[in-house]
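# Overview (structure and organization)
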Amino acid sequence: MKSFHIITFGCQMNEHDSERMTGILEEQGCITSSVVEHADIVILNTCSIREKAEQKFYSELGRLKKLKDTRPGLKIAVAGCIAQQEGANILSRAPYVDMVFGPSDISRLPAMIERKRSWSLPVVDVAGDPDYHRKRIPTTRTDRLKAWVSIMYGCDNYCTYCVVPYLRGRERSRLPLEIVREVRELTRKGYKEVTLLGQNVNSYGKGLEEDTNFPSLLGMVNNVPDIERIRFVTSHPRDLSDGLIATLRDFPKVCESLHLPVQSGSNDILSAMNRRYTREVYLGKIKRLREAVPHITLTTDIIVGFPGEQERDFEMTMDLLEEVQYDGIFAFKYSKRPGTAALKHDGHLSDDIKEKRLAQVLDLQGKITSRNNEKLINSVQEVLVDGLSKKGVTLSGRTRGNKAVNFDAPAHLIGSLVMVRITAAGINSLTGQLCE
Ligand code: SAM
Ligand code: SF4
């Protein structure tokens with residue numbers, strides 16, 4: 001029996017892919033080792049969305065080499081986006097790597113391990129399985145209440161800064177009945193919340209034979225008894241339809257929270273990014289969303305320092321943050337990625353400018369988030385209790401708007417929906433009192 005340890009970098013998709021690799025390996029009789037030094041196989045599930053993620057992976061690989069020097073029997077596998085991007089090139093930089101496989105090749109993991117057992121050469125499999133989205137993949141989830149469920153893979157959008165379409169392939173949707181079956185199975189295991197995952201969930205259904213779309217999938221999941229909450233990421237603003245806005249308003253289990261990455265507040269930069277919406281169209285959608293769902297929590301992604309971003313473009317982004325008053329943002333410095341169109345754009349900016357702009361957006365957003373959180377003081381929020389707080393003294397949970405709340409309550413409430421009155425607010429979390 002082999003033991004394995006997975007180190008995951010990057011987004012929720014990678015976290016979920018790691019849950020699938022765990023499921024596949026456990027089905028083969030392998031066991032998880034919580035300590036990397038004790039594992040027979042170490043899998044690095046990598047991310048290449050920004051250069052920094054790539055650097056983190058290579059420094060982890062360096063540490064594993066030292067471990068392998070002391071334990072030559074250790075097998076090192078590289079999975080995920082860097083594996084897809086680099087393929088066999090990883091072996092020229094790190095000849096001690098045993099396996100390289102891409103995100104849509106994980107169902108062949110047992111066969112790869114078997115091949116490696118009888119073969120001294122490294123195994124490289126980044127061909128991509130065209131049927132991956134039709135397969136049922138065993139999954140061992142890390143959380144017992146909240147589950148990620150992939151509804152589609154890949155992306156057809158080709159934003160000029162982004163490697164995802166090159167590494168995760170074209171959009172492919174899973175069948176709606178398969179998704180509903182998975183959600184039903186999760187409720188039988190006690191799961192209360194699902195987050196539907198895809199690079200652009202709003203275009204769910206494209207290419208399927210049956211006539212379906214994302215709002216109708218949400219309707220089907222909403223009808224699954226015993227599921228309490230439904231969330232989804234990520235929505236491309238261009239494809240956010242009035243049908244989806246109505247779904248957020250009308251389906252009781254669909255939480256009032258939306259991540260809608262805008263990237264920039266400047267039309268010139270949005271066009272250079274190939275986002276295919278304007279600031280005005282985006283703001284129009286935010287207005288309609290708030291009319292339909294007044295207390296919706298909104299978050300976004302921002303890239304600062306995209307090639308050609310002038311001071312006035314950046315000011316438009318700052319102005320958009322003021323206008324929308326998001327509850328939170330993820331902000332990134334533009335990072336050059338291999339093979340993407342923006343690499344060839346004029347006007348690449350220095351790291352100093354990017355750093356300065358990043359600090360400015362984070363500072364502004366920090367103030368907005370604090371103000372928004374303070375507005376919740378004295379409100380009563382429905383909270384799904386998911387465990388002990390980080391400090392371990394109180395319980396913690398999430399509001400429907402996905403804000404973290406800490407409060408005193410008996411531990412048997414973990415897994416329940418409770419009502420909590422908010423008594424204090426910080427930038428990262430709220431504090432509350434359980435309502436009797
Ligand atoms: N599919 C999602 C969408 O369109 O919004 C996001 C996927 S991507 C994994 C998450 C975020 O990473 C993007 O929204 C973008 O802000 C950021 N990102 C992607 N490529 C980047 C790059 N080259 N430099 C900096 N940030 C980047
Ligand atoms: Fe990347 Fe754009 Fe696709 Fe999102 S929509 S994954 S940012 S190409």
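About the thresholds
What you see as residue numbers is a count from 1 along each chain, following the sequence as written. The naming scheme follows written order: chains are lettered A onward, ligands numbered 1 onward. pLDDT decides what is reported in this predicted model: residues at 70 or higher carry local features, side-chain atom pairs at 80 or more are listed and counted, and totals for whole chains, interfaces and linings draw on all residues regardless. Note that water and hydrogens are dropped before the side-chain values are worked out from all heavy atoms of the structure. Helical segments are the DSSP runs of H or I of at least four residues, strand segments are the runs of E of at least two, and each set is numbered from the N terminus. When we talk radius of gyration, it's over C-alpha atoms, and the globule rule is simply 2.2 Å times the number of residues to the 0.38. Only protein chains enter the accessibility calculation, which uses a 1.4 Å probe; a residue is then buried when its area is under 20% of its type maximum, exposed when over 50%, and partly exposed in between. The contact criterion used throughout is that any non-hydrogen atoms of two residues lie within 4.5 Å. Note on charges: Lys and Arg go in the positive column, Asp and Glu in the negative column, and His and the chain ends are not counted at all. Charged groups are reduced to one reference atom each: NZ for lysine, CZ for arginine, CG for aspartic acid, CD for glutamic acid. The near set for a molecule or strand comprises every residue that places at least one heavy atom within 4 Å of it. In protein, a polar contact means a hydrogen-donor-capable atom and an acceptor-capable atom, both N or O and within 3.5 Å, with residues adjacent in sequence counting only if both atoms are side-chain atoms; elsewhere, any N or O pair within 3.5 Å suffices. Per-residue and other accessible areas follow the Shrake-Rupley method at a 1.4 Å probe size, with only the shown protein chains counted as cover for residues. Basically, the charged four are Asp, Glu, Lys and Arg, the nonpolar ten are Ala, Val, Leu, Ile, Met, Phe, Trp, Tyr, Cys and Pro, and anything else, Gly included, counts as polar. Computed over the protein atoms alone on a 1 Å grid, cavities are sets of points where a 1.4 Å probe fits but cannot get out and pockets are open sets with protein on both sides within 12 Å along at least five of seven lines; a residue lines them when it has an atom within 4 Å of a point. Grid points are joined across faces, edges and corners, and a volume is the space filled by probe spheres set on the points. Paired strands, in this sense, are two strands between which DSSP finds at least two bridges. In this description, a line fitted to the C-alpha atoms serves as the axis of each element, helices being fitted only across the stretch in contact, and the angle between N-to-C directions of two axes falls anywhere from 0 to 180 degrees. For this document, the term salt bridge refers to a Lys or Arg side-chain nitrogen within 4 Å of an Asp or Glu carboxyl oxygen. By convention, a crossover is right-handed whenever its connection, traced from the first strand over the helix to the second and viewed with the strands pointing away, goes clockwise.

## Here we look at the overall build of the protein chain
Per the secondary structure count, the protein chain includes 13 helices and 19 strands. Here the protein chain has a C-alpha radius of gyration of 22 Å; the compact-globule value for 436 residues is 22 Å, and the two agree. Projecting the C-alpha coordinates of the protein chain onto the three principal axes gives extents of approximately 65 × 55 × 50 Å. The burial tally for the protein chain puts 54% of its 436 residues in the buried class. For the protein chain, the proportion of contacts with a sequence separation of at least 24, taken over those separated by at least 6, is 72%. For the protein chain, the centre of its 61 positive side-chain charges and the centre of its 56 negative side-chain charges are spaced 2 Å apart.

## A short note on the site of ligand 1
Taken together, the neighbourhood of ligand 1 is formed by 15 residues, with Y161, Q199, Q263, D301 and S335 sitting nearest. Between R275 and ligand 1, the recorded distance is 3.3 Å, taken from a side-chain N or O atom to an oxygen atom. Between D301 and ligand 1, the recorded distance is 2.6 Å, taken from a side-chain N or O atom to an oxygen atom. Relative to its unbound accessible area of 560 Å², ligand 1 is 91% covered by the protein chains. The set of elements that each furnish at least two residues to the shell around ligand 1 consists of β13 (297-304) and β14 (328-333). Residues of the shell around ligand 1, tallied by class, amount to six nonpolar, four polar and five charged.

## Comments concerning the site of ligand 2
The environment of ligand 2 is made up of C155, N157, Y158, C159, Y161, C162, V164, P165, Q199, H236 and R275. Residue composition of the shell around ligand 2, grouped by class: seven nonpolar, three polar and one charged.

## Overview of empty space enclosed by the protein
Across all of its chains, the model carries one cavity of 30 Å³ or more by this definition. Reported here for the largest cavity is a volume of approximately 110 Å³. Broken down by secondary-structure element, the contributors of at least two residues to the lining of the largest cavity are α1 (12-27) and β8 (152-153). Considering only residue class, the lining of the largest cavity consists of five nonpolar, five polar and three charged.

## Re the sheet that holds strand β6 (residues 123-125)
Across the sheet, six strands lie side by side as β2-β1-β3-β4-β5-β6; this open sheet has parallel pairing. Each edge of the open sheet carries a strand with a single partner, namely β2 (31-32) and β6. Strand direction decides the pairing type here: strand β1 (residues 3-8) and β2, joined by two bridges, are parallel. Each residue of the ladder has a partner; that of F4, found in β2, is T32. Its contacts with the sheet place α1 against β1, β2, β3 (41-46), β4 (75-79) and β5 (99-101), and it is angled at close to 175° to β1. Contacts from helix α5 (residues 109-117) reach β3, β4, β5 and β6, with the element oriented near 155° to β6.

## Overview of the sheet that holds strand β11 (residues 229-233)
If you trace the three strands from one edge of the open sheet to the other, you get β7-β10-β11, paired in parallel fashion. Each end of this open sheet is capped by a strand with a single partner; those strands are β7 (146-150) and β11. Strand-to-strand, the axes of this sheet are offset by a mean angle of 25°, without reference to chain direction. Looking at chain direction, β7 and strand β10 (residues 193-197) are connected through five bridges and run parallel. Directly across from S150, in β10, lies its bridge partner L197. Relative to β7, helix α7 (residues 176-188) is tilted by about 165°, and along the sheet it contacts β7 and β10.

## Digging into the pattern of salt bridges
With the rule as written, the count across this model stands at 37 salt bridges. Measuring nitrogen to oxygen at the nearest pair gives 3.0 Å for the salt bridge that ties D17 to R168. One end of the pair, D17, is in helix α1; the other, R168, is in helix α6 (residues 164-168), with 151 residues separating them in the sequence. For the pair D17 and R168, one class covers both residues: buried. The closest approach of N and O atoms between R357 and E311, which form a salt bridge, is 3.0 Å. With a gap of 46 residues between them, R357 in helix α13 (residues 351-374) and E311 in helix α12 (residues 311-324) connect regions that are remote in the sequence. Judged by relative accessible area, E311 falls into the partly exposed class, the value being 38%. Each member of the salt-bridge network shares a partner with another, and the members are R136, R141, R174, E178, R181, E182, E185 and K189.

## Things to note about the pairing of β3
Counting buried positions along β3 yields six of six residues, so the element is predominantly enclosed. Pairing geometry for β3 and β4, over five bridges, is parallel. Bridging from a neighbouring strand, I43 pairs with A77 of β4. Note that the unit made of β3, helix α2 (residues 51-70) and β4 has a crossover that is right-handed.

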